[in-house]
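Observations on the three-dimensional arrangement
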Amino acid sequence: MTAPAEGGWLTARGSVRALCLLRAIVGVLTLVHLAPFLEEMAAGRYYADSFHVPFLELLPTPGRGLYFAMLSGCALTAALMAVGALTRVTTALTFAFVLYNVLLNQLHHHHNRAFLIAILFGLTLLPVGRELSVDAWWRRRRGRALPLEVDLWPLLAMRILGCAPYLASGSSKLVDPEWWGGVVMADRVARYRHRAEAAGVPEAILDLLAEPSFHAVFWKLIVCTELFVGVGLWIPRARYAAIFMAVIFHVNVELTSSVQIFSYLGVAATLMWVTPSARDRRLVLDVDTARGRRLAARVRRLDWLARFEVEEVRGAADPVTLIDRDGRRYVGPWAARYAMSRLPLLAFPMLPTLLRGRPRAP
Amino acid sequence: MSSRSSPYVLRALFVAVVAIVQLAFVAHAYRDPHHHFGYQPFSESATWQARIERVTADGRRFSIQSGWAGRYRWNELVRGRGLDWPFSMGHASSGIDGTLAYFQQALDWVARNTPEDRETLYLDADVIYYQNRRGPYRAHLRSVDRELP
């Protein structure tokens with residue numbers, strides 16, 4: 001990533017590979033988001049036949065046929081967006097209809113849909129078809145591959161929108177004495193205990209959840225987690241911890257609540273915080289060793305974000321040598337764990353293993 | 001301002017507008033019962049229940065729970081957000097203020113969009129609700145008056 005001193009983020013250029021992966025995931029999640037609307041359409045139900053409240057009275061209400069056509073069209077554009085076909089157009093059209101569909105009826109608004117709209121908006125601002133897309137494959141075949149380094153300034157807007165749910169939600173709960181004191185969630189837990197029992201949650205856990213002292217402490221931790229994630233994402237030294245906590249947060253929300261696509265979107269959206277540079281770390285792997293071969297195979301398969309330039313050697317002093325962005329060299333098991341912690345699928349379990357801190361290079 | 005710096009000014013302006021718009025939504029959510037685009041999920045624990053009657057011009061009252069005018073059913077006219085079956089105590093998924101706001105709008109919409117009903121003057125609802133371990137509270141809502149033939 002190149003960031004000239006003058007202008008900072010406004011002039012920086014770099015890789016949007018991580019956002020290209022986010023685009024693919026969000027395309028699929030948009031299809032999941034559209035599913036209930038498509039089911040209604042399949043059942044012949046048109047939203048304006050029942051109670052609805054437009055956000056804007058001036059917004060024209062589409063007729064049944066037109067609405068169904070647009071809904072079907074959006075499903076198509078979301079699928080094309082997922083595979084990266086005509087990416088900028090399909091991403092923009094997907095964003096436009098998802099937003100329009102929510103604006104047509106306030107009952108269509110849910111917080112996870114608002115977040116989806118924000119992410120889709122961010123994706124329309126950037127050329128997220130440059131990699132991991134049909135468009136990129138087709139351009140390469142024709143010998144017209146586009147540069148992988150692009151202007152990054154829209155990423156700043158996207159990150160502002162990306163941290164908003166954590167900061168807004170956390171701060172609203174922080175200033176609400178009943179939420180901060182655990183009253184809200186204690187009441188929810190008490191009212192829906194029967195569902196947890198039916199779902200097979202152990203009695204010991206249910207008894208713990210019934211304790212007022214538990215709620216007095218636990219939900220404060222949740223609020224602090226949200227605020228830490230929202231702030232920590234902006235601080236380079238805290239970013240990995242913030243992403244780690246965000247994943248834990250979203251998994252817990254998904255296990256305990258019905259939030260449509262929010263949890264999946266929240267985890268996927270952490271991709272927008274990946275450093276926008278590609279292959280700026282070198283991995284030198286001795287493929288004469290089992291460790292070197294294993295790591296080489298893993299990185300080849302799982303380095304979806306192109307974090308590493310891999311060099312395979314034979315007879316090296318160490319099976320694994322990692323040269324980081326700042327030029328520092330690391331060897332041995334820690335270097336291997338560090339490398340694996342930068343692969344999306346392995347990041348979550350591997351990050352805690354780095355807590356001991358970086359060893360000194362030999 | 002040099003021509004070289006003007007695109008950067010525009011970029012900064014764009015990012016600032018995005019931030020301000022998002023902040024505005026977040027701030028507005030504290031006054032908006034629906035918290036639209038303000039990210040205040042699970043803001044409270046509330047349950048509610050309503051009895052809805054239709055009132056004729058001569059003062060007769062009829063429950064609409066089983067339908068009326070031969071073809072209208074509340075849960076077909078009002079769908080989603082827990083509004084479709086208010087007749088038994090249920091979760092107020094929009095928070096109680098948001099739910100009651102939607103419920104009022106739903107009463108008005110149903111009153112305006114049931115042309116085959118030729119005798120109901122208005123819809124009348126009595127609501128009981130609980131909010132964050134407090135309650136029961138009561139609210140009374142009434143739809144707009146309908147024009148009768």
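Described in the following lines is the structure provided in the data block. Predicted, not measured: the structure shown is a model, and the values here were computed from it.

Comments concerning the overall build of chain B
Within chain B one finds three helices and five strands. In sequence order, the secondary structure elements of chain B are arranged as α-β-β-α-β-α-β-β. Computed over C-alpha atoms, the radius of gyration of chain B comes to 22 Å, more than 25% over the 15 Å expected from 2.2 N^0.38 for 149 residues, which places it beyond the range of a compact globule. Among the 149 residues that make up chain B, the fraction classed as buried is 44%. The long-range fraction of contacts in chain B, counting pairs at least 24 apart against all pairs at least 6 apart in sequence, stands at 62%. For chain B, the separation between the mean place of its 18 positive charges and that of its 15 negative charges on side chains is 8 Å.

Quick notes on the interface of chain A and chain B
Across the boundary between the two partners, chain A contributes 49 residues, which contact 38 residues of chain B. Between chain A and chain B, a total of about 4,100 Å² is buried, with carbon and sulfur atoms accounting for 64% of that surface. The interface formed by chain A and chain B holds three salt bridges in total. With its nearest N and O atoms 2.7 Å apart, the salt bridge here joins B:Arg79 to A:Glu40. Connecting chain A to chain B are 18 residue pairs in polar contact (both at pLDDT 80 or more). If you list the elements that add at least two residues to the side of chain A that touches chain B, you get helix H4 (111-124), helix H6 (153-174), helix H7 (177-180) and helix H8 (183-191) of chain A. Per-element accounting of the side of chain A that touches chain B gives the leading share, 12 residues, to H6(A). Its residues assigned to classes, the side of chain A that touches chain B shows 28 nonpolar, 11 polar and 10 charged.

Observations regarding the sheet that holds strand E4 (residues 308-313) of chain A
All names here are of chain A. Read from one edge to the other, the open sheet built from four strands follows the order E4-E3-E5-E6, with strand pairing classed as mixed. Lying at the two open borders of the sheet, with one neighbouring strand each, are E4 and strand E6 (329-331). Taken pair by pair, the neighbouring strands of this sheet meet at an average axis angle of 20 degrees, ignoring direction. Here six bridges tie strand E3 (residues 281-286) to E4, and the two strands are oriented parallel to one another.

A word on the nonpolar core
Counting 81 residues, the largest nonpolar core has A:Leu19, A:Leu22, A:Val26, A:Tyr67, A:Ile119 and A:Met158 as its most contacted members. For this core, the element with the highest residue contribution is H6(A), accounting for 11 residues. Non-local contacts of A:Tyr67, meaning those with residues more than four positions away in its chain, are made with A:Phe37, A:Tyr46, A:Tyr47, A:Pro62, A:Phe97, A:Asn101, A:Leu104 and A:His108. With 30 residues, the next largest nonpolar core counts A:Leu107, B:Ala92, B:Leu100 and B:Trp109 among its residues.

Description of the pattern of salt bridges
Residue and element names in this part refer to chain B. Under the definition given, this model contains 29 salt bridges over all chains. Of the charged contacts, one joins Arg61 and Asp124 as a salt bridge, the two residues approaching to 2.6 Å between their closest N and O atoms. Linking Arg61 in strand E2 (residues 61-63) with Asp124 in strand E4 (residues 120-131), this pair joins segments that are 63 residues apart in sequence. Exposure remark for Arg61: the relative accessible area of 40% places this residue in the partly exposed category. Taking relative accessible area as the criterion, Asp124 reaches 6% and is therefore assigned buried. Here the residues in one salt-bridge network are Arg51, Glu53, Arg61, Asp124 and Asp126, joined through shared partners.

Digging into a positive patch on the surface
Residues and elements named next belong to chain A. On the surface, Arg291, Arg293, Arg294, Arg298 and Arg301 cluster together into a patch of positive charge. Structurally, the position occupied by Arg293 is in helix H14 (residues 290-302). Accessibility expressed as a relative area gives 44% for Arg293, which makes it partly exposed.

So, a nonpolar patch on the surface
Taken together, the side chains of B:Leu10, B:Leu13, B:Val17, B:Val21 and B:Phe25 present a nonpolar region at the surface, about 450 Å² in accessible area. Relative to the helices and strands, B:Leu13 resides in helix H1 (residues 6-28).

A few points about empty space enclosed by the protein
Residues and elements named next belong to chain A. The tally for this structure, following the rule as stated, stands at two cavities of 30 Å³ or more. Taken as a whole, the largest cavity holds about 70 Å³ of empty space. In terms of lining, the largest cavity is formed by 14 residues, of which the most central are Ser15, Val16, Ala18, Val274 and Pro276. Split into classes, the residues belonging to the lining of the largest cavity amount to nine nonpolar, three polar and two charged. Taken as a whole, the second largest cavity encloses approximately 30 Å³ of empty space. Along its surface, the second largest cavity is lined by Gly162, Tyr166, Leu233, Gly266, Ala269, Thr270, Met272 and Trp273. Secondary-structure elements contributing two or more residues to the lining of the second largest cavity are H6 and helix H13 (262-269). Grouping the constituent residues of the lining of the second largest cavity by class yields five nonpolar, three polar and no charged.

What counts, and where the lines are drawn
- Residues numbered from 1 in each chain as written.
- Chains lettered and ligands numbered in written order.
- Predicted model: local features only at pLDDT ≥ 70, side-chain atom pairs only at ≥ 80, totals over all residues.
- Heavy atoms only, no water.
- Helix = DSSP H or I, 4+ residues; strand = E, 2+ residues; numbered from the N terminus.
- Rg over C-alpha atoms; globule rule 2.2 N^0.38 Å.
- Buried < 20%, exposed > 50% of the residue type's maximum accessible area, 1.4 Å probe, protein only.
- Contact = heavy atoms within 4.5 Å.
- Lys, Arg positive; Asp, Glu negative; His and termini not counted.
- Charge placed at Lys NZ, Arg CZ, Asp CG, Glu CD.
- Buried area = accessible area lost by both parts, 1.4 Å probe.
- Salt bridge = Lys/Arg side-chain N within 4 Å of Asp/Glu carboxyl O.
- Polar contact = N/O pair within 3.5 Å; in protein donor to acceptor, adjacent residues only side chain to side chain.
- Nonpolar A, V, L, I, M, F, W, Y, C, P; charged D, E, K, R; others polar.
- Pairing = 2+ DSSP bridges.
- Axes fitted to C-alpha atoms, helices over the stretch in contact; angles between N-to-C directions.
- Core = buried A, V, L, I, M, F, W, Y, C linked by side-chain atoms within 4.5 Å.
- Patch = residues over 30% accessible without salt bridge, like charges linked within 9 Å, V, L, I, M, F, W, Y side chains within 5 Å.
- Areas by Shrake-Rupley, 256 points an atom, 1.4 Å probe, with all protein chains shown as cover.
- 1 Å grid on protein atoms, 1.4 Å probe; cavity = no way out; pocket = protein on both sides within 12 Å on 5 of 7 lines; lining within 4 Å.
- Points joined across faces, edges and corners; volume = space filled by probe spheres on them.

Such coordinate-based values are descriptive only and should not be taken to indicate function.
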